[in-house]
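Listed below are the residues making up each chain.
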Amino acid sequence: MPAVLHLLAHPGLATSHVNAAMWAAARGVAGVTRADLYARYPRHDIDIAAEQARLLAHEVIVLQFPLFWYSGPALLKDWIDLTLEHGFAYGAGGDRLHGKVLQLAITTGGTAAAYAPGGHNHHEVRTFLTPFEQTARLSGMRFAAPYVLHGALLADPAAHAAGFARLLAAWTADRVAPEVFDRAILTHDTLPLTEG
Ligand SMILES: Cc1cc2nc3c(=O)[nH]c(=O)nc-3n(C[C@H](O)[C@H](O)[C@H](O)COP(=O)(O)O)c2cc1C
C-alpha cells in the first residue's frame, strides 16, 4: 500500500474556514504522515534534509493550501525552492522523486464561474496550477488531478472536508482509480475511487 504524506501550508489556520476543517477531517485518517508547514517553520527556516527524507519515505504527496494570488502561500514556495533542489529532484542525479504521485488540495475564494473562460479570473483553475504540474513533471512525479473547492469563503466546509478524508484514505488503500491522472479537477462528489 502506498505511503501517503499530507503537507498543509496555511498561514492563518486559526481563522481558516475550510482548510482547518479539511485538516481536522484528515487527522482521522489512519496511515497518513502529516505536517503543518507553517506550524513547523514559522520563520521559513526549512530543514531541507528532514523534508527530503520525508519525501523519500512516501509514494503519494498531497499538498493542501488556499490559493493566494493564483499560487500557493509563500512558505510553500520556499519549501519547493529549497526541498526540490538540484541533484535531488532534478538535474544530474536528481531522480529521487521519480514515480511518486503529487496531488494538490486547494481552496479558492473565487467561485467556479469566476474560474471559467470569460469569468472574473479569465482562466480555469488548472491554468494557474501549471507551475506545480510542470514542477511535478520535471521531478519525475505523476500529477494527479487537484482536489478543489471553489467559492471557499461562502461554502459549507463539511462535505469538502469529508471528501478530502475519503480521498486520503483511498490513497492509503490503493483505491484511487487511474483516471485521477486524466481529470481536470476533483470535487467531493466526483472522486474517482475503486471499490474496496
Ligand atoms: C493573500 C491572499 C491572497 C488570495 N488570493 C486569492 C486568489 O488569487 N484567488 C482566489 O480565488 N482566492 C484568493 N484568496 C482567497 C483564499 O483562497 C481563501 O480565503 C481561502 O481559500 C479560504 O480558505 P480558508 O477558509 O481555509 O482560509 C486569497 C486570500 C488571501 C488572504
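Please read all numbers here as calculations on a predicted model, not as lab measurements.

Cut-offs and rules
- Residues numbered from 1 in each chain as written.
- Predicted model: local features only at pLDDT ≥ 70, side-chain atom pairs only at ≥ 80, totals over all residues.
- Heavy atoms only, no water.
- Near = heavy atom within 4 Å.
- Polar contact = N/O pair within 3.5 Å; in protein donor to acceptor, adjacent residues only side chain to side chain.
- Areas by Shrake-Rupley, 256 points an atom, 1.4 Å probe, with all protein chains shown as cover.
- Nonpolar A, V, L, I, M, F, W, Y, C, P; charged D, E, K, R; others polar.
- Salt bridge = Lys/Arg side-chain N within 4 Å of Asp/Glu carboxyl O.
- Helix = DSSP H or I, 4+ residues; strand = E, 2+ residues; numbered from the N terminus.
- Buried < 20%, exposed > 50% of the residue type's maximum accessible area, 1.4 Å probe, protein only.

Trainee: Hey, could you go over the site of the ligand for me, with residue numbers and the actual values?
Mentor: Around the ligand there are 17 residues in total, and Ser16, His17, Leu67, Thr107 and Tyr115 lie nearest to it. Contact between the ligand and Tyr70: an oxygen atom at 2.8 Å from a main-chain N or O atom of the residue. Calculation on the ligand without its partners gives an accessible area of 640 Å², and the protein chains cover 74% of this total. Class assignment for the residues of the shell around the ligand results in 9 nonpolar, 8 polar and no charged.

Trainee: Break down the pattern of salt bridges for me, citing the residues and quoting the values.
Mentor: Within the structure shown, the criterion is met by 5 salt bridges. Where Arg54 meets Glu51, a salt bridge forms, and the shortest distance between an N and an O atom there is 2.6 Å. Taken together, the residues Arg54 and Glu51, both in helix H3 (residues 48-56) and 3 residues apart, mark about one turn of the helix. With respect to burial, Arg54 and Glu51 carry one shared label: buried. Put simply, Glu179 and Arg183 hold a salt bridge, and the shortest N to O gap is 3.0 Å. Salt bridges sharing partners connect three or more residues here, namely Arg126, Glu133 and Arg137.

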